[in-house]
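Listed here are the chains, written in short residue letters.
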Amino acid sequence: MSFNHIVIQNILRDKWTYVSYFLSSMFSIIIFFLFSVIVFHPNLKSLDPDSTLGISLMLASMLVYLFSFIYIIYSIRAFLRKKTKTLGIFMITGASMKQIRKLVFRENLLIGIIAILTAIVLGLVITPLFLMGAKVVLKADTFGMYMPLQAMGLTIGLFLILFVVISTVVTRFINKEASIQLLKSDTVIEKPIKPHYVLLVLSIMMTVTLAYLLKIEHSIVDTLSVLYYLLFFISILSTIYLVIAQGFRLFLKIYEKSPAYLQKTNMLLASNLNAKMKSHANMLFLITILLSGVFLCTSILFSSYYNVKKASEENYPYSFQYIADPKADYNMVKADLDYLEKTLSTVQAHKYYIEFKSNEDQRIGYMALSDYNLLQQQETDLGKDEFIAVAGSRDVAPIINTANDLYINSFKLARTQEQNLLSTGFQQSYFIIPDDIYDAIDYPVYKTYIYELDDWTAHTVLANTITSDIPSLPGERYVTSKIDLYDTEMFVKSVMFFIGSMLSLIFLSAAMSILYFYLQTTLQQEKEKYIGIRKLGLSKKELATVIAKELAILIFVPFSIAITLLLITLLSMRTMVSTAFLQVSMASSFCFFVLFLISYLLIRKSYFKRLVS
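Residues numbered from 1 in each chain as written. Predicted model: local features only at pLDDT ≥ 70, side-chain atom pairs only at ≥ 80, totals over all residues. Heavy atoms only, no water.

1. Remarks on the pairing of strand β2 (residues 349-359)
Basically, it comes down to this: Paired strands, in this sense, are two strands between which DSSP finds at least two bridges. Numbering of helices and strands runs from the N terminus, with a helix taken as a DSSP run of H or I at least four residues long and a strand as a DSSP run of E at least two residues long.
Relative to strand β7 (residues 445-453), β2 runs antiparallel, the two sharing nine bridges. Its bridge partner being in β7, I354 is matched across the sheet by T448. As paired elements, β2 and strand β3 (residues 364-368) share four bridges and run antiparallel to each other. Paired with K357 across the bridge in β3 is Y366. Following β2, the chain reverses through four residues before pairing antiparallel with β3; R363 in that reversal takes a positive phi of roughly 55°.

This is how it looks when you write it as structure tokens:
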């Protein structure tokens, strides 16, 4: 019998152990492959790799691969734990550690190659449907099927390297003594979690302090830069783990002293949780982290997707804004305006003409009160020595100090307006002054032509045509359109939303897969334990109750902690996020709860069936 024959026979003899490892690996590869199909799609070839979207796609690709790397390492380690007894048999029968490692390496590599090929084939089958979904999300005119040779090559190359590296490294951790001891004793006794309440309090204090600095003391955060965020991240992870582990331990101690402990099957449940306290705490921590990533990622990307219209209006208030520079050629301006009039004649448009004068050295604009009232559609009065300060850029407060101003240094501030009046960034601020004062100012005049369309989001093609035919020319004309900005931002947000959905799907599936692996690796031991207990009189119904409660703890406790973390984040950001953010977060949380409830019912039924079979 050759060595390769032993490898294949070993896989076939214990095929259900290998199937779970194969499926989890294949799923990660399919996600990466489908993501690569989007990244290399011909419609995205014109994308600038240095743009926000290009960088986001690159970072997301790296994140998907990095997560796949970590996830497959976890799968292999879980797989090896389940294979420990089998490896112990090989060792007792005389196999050397070199042969054992060679056996495990070839098994992993063979499964990895099959998983890669299967994922590519299934990925190609799914790709047309996947691209149709991407077309809808990205609102693309065409996003058709193509032969993704680059995606196939990248997926095969990267995951082949990944399996070779992981298989080589992980086999170094196979412990001969532990395997033989496990084979002899047939049981594993976990060490209990020790009390670390002081460490828990210190960790919470550190996390709260770092969060406070992030919100209030920006100078320290700016000074520490990346080091601060790394420290904050580690602090959050440590706090979550300590809260879960120490909270779990404390809860069981309190529960064992309560009257409910002696009722029905509660004593058996508590005993089971105590015996697996450490592994349960690790499992709860892993699933909590993954779910927190899913909830935060989904909420942030959904809300940004729905805020595009409002953000576009805040940056560029009008459908089209044409500003003629004082030095602009008269004939060019006339030709541009004729073109605009002709192009916009087919749609319902409200037209305004205003002008403002600019202190070009300081980029301060002066606008007559009558023009301001025309834009604001209101009748505001000003005293002869009063002015209104209006923001020139989004989220930047207007300048209100006029002490050194040549014309209005003695004027009183009537009020300020945070919303920028014209396109963001064109001037630092605008001073609204009485008409007679405006007429006396001797600064260059910027003539401004504004067109506001009804149902403006429906005219993206028209906006693209206009901004393409008469682009901005510094020193001559400045053309902006909130429709064009909205169209561009919607595309970027759609891609970001798509990336976020993919990452959320990976995290969510990983959480369920880790739980599945955990149950699989402990199934045989649990089965033997419950067979013994049933001989003492435990009924199937009572066993089902114990299993249902234990699985509910493993699934819904991480879900509850992740939701709590999301709510804390939303509460701390309540002044920075919109109502849509909160609504979307609540809606997505409810959808995830339904998914988890369905997963819980399916896992409970399947696990109980295998446990009593």
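2. Considerations on a nonpolar patch on the surface
Formally: What makes a patch is a set of residues exposed beyond 30% relative accessible area and free of salt bridges, joined within 9 Å when like-charged and within 5 Å when nonpolar (Val, Leu, Ile, Met, Phe, Trp, Tyr). Surface accessibility in these figures is a Shrake-Rupley result with a 1.4 Å probe; residues are shielded only by whichever protein chains are displayed. Salt bridges are identified by distance alone: a Lys or Arg side-chain nitrogen within 4 Å of an Asp or Glu carboxyl oxygen. Any residue under 20% of the maximum accessible area for its type is buried, any over 50% is exposed, and the rest in between are partly exposed; the area is computed with a 1.4 Å probe on protein chains only.
On the surface, F590, F593, V594, L597, I598, L601 and L602 cluster together into a nonpolar patch covering about 630 Å² of accessible area. Tracing the backbone through its elements, the reader meets L602 in helix α19 (residues 579-612). For L602, a relative accessible area of 57% corresponds to the exposed category.

3. Thoughts on the side chain of T402
Using the following cut-off: Distance and chemistry together define a polar contact, namely a pair of N or O atoms within 3.5 Å, with one atom able to donate a hydrogen and the other to accept it when in protein, and with adjacent residues in sequence counting only for side-chain atoms on both sides. It only takes one pair of heavy atoms within 4.5 Å for two residues to be counted as in contact.
Position of T402 relative to the elements: it lies in the loop between β4 (386-391) and β5 (412-417). A distance of 3.2 Å separates a polar atom in the side chain of T402 from the backbone oxygen of I408. In this view, T402 contacts F387, I408, N409, F411 and F431; residues no more than four positions away in its chain are not counted.

4. Remarks on helix α5 (residues 149-170)
Structurally, the α-helix is built with 3.6 residues per turn, so residues lying three or four positions apart point the same way. Condition: The span expected for a helix works out to 1.5 Å for each residue beyond the first. The arc in question is the one traced by the directions running from the helix axis out to the C-beta atoms.
Between its first and last C-alpha atoms α5 spans 31 Å; for 22 residues at 1.5 Å apiece the expected length is 32 Å, and the two agree. Of all the positions in α5, only A151, M152, T155, F159, L162, F163, I166, S167 and V170 are classed as buried. All buried residues of α5 fall inside an arc of 115° around its axis, so they share one side. Opposite the buried face of α5, at more than 90 degrees from it, the exposed residues are L149 and I161.

5. Quick notes on the confidence of the model for the protein chain
Put simply, the rule reads: As a per-residue measure, pLDDT reflects the predictor's confidence and takes values from 0 up to 100.
Overall, the predicted model of the protein chain reaches an average pLDDT of 80, with 85% of residues at or above 70. Of all the helices and strands in the protein chain, helix α6 (residues 176-185) carries the lowest mean pLDDT, 53, while β3 carries the highest, 94.

6. Let's talk about the packing of helix α13 (residues 330-343) against helix α16 (residues 460-469)
We count it as follows: Throughout, an axis means a line fitted to C-alpha atoms (over the contacting stretch in the case of helices), and angles, computed between N-to-C directions, take values from 0 to 180 degrees. Between 65 and 115 degrees an angle is taken as roughly perpendicular, under 35 as roughly parallel, over 145 as roughly antiparallel, and anywhere else as oblique. Crossings are sorted by hand: turned counterclockwise from the far helix by less than a right angle, the near helix makes the crossing left-handed, and turned clockwise it makes it right-handed. Note that Gly is not counted as nonpolar here; it falls among the polar residues with everything else outside the nonpolar set of Ala, Val, Leu, Ile, Met, Phe, Trp, Tyr, Cys and Pro and the charged set of Asp, Glu, Lys and Arg.
At their nearest, the axes of α13 and α16 sit 11 Å apart, and the two run at 165° to each other. In terms of orientation, α13 lies roughly antiparallel with respect to α16. In this structure, α13 meets α16 at a crossing whose hand is right-handed. Between α13 and α16, the residues in contact are Y339, L340 and T343 and L462, T465, I466 and D469, respectively. Considering only residue class, the contact of α13 with α16 consists of four nonpolar, two polar and one charged.

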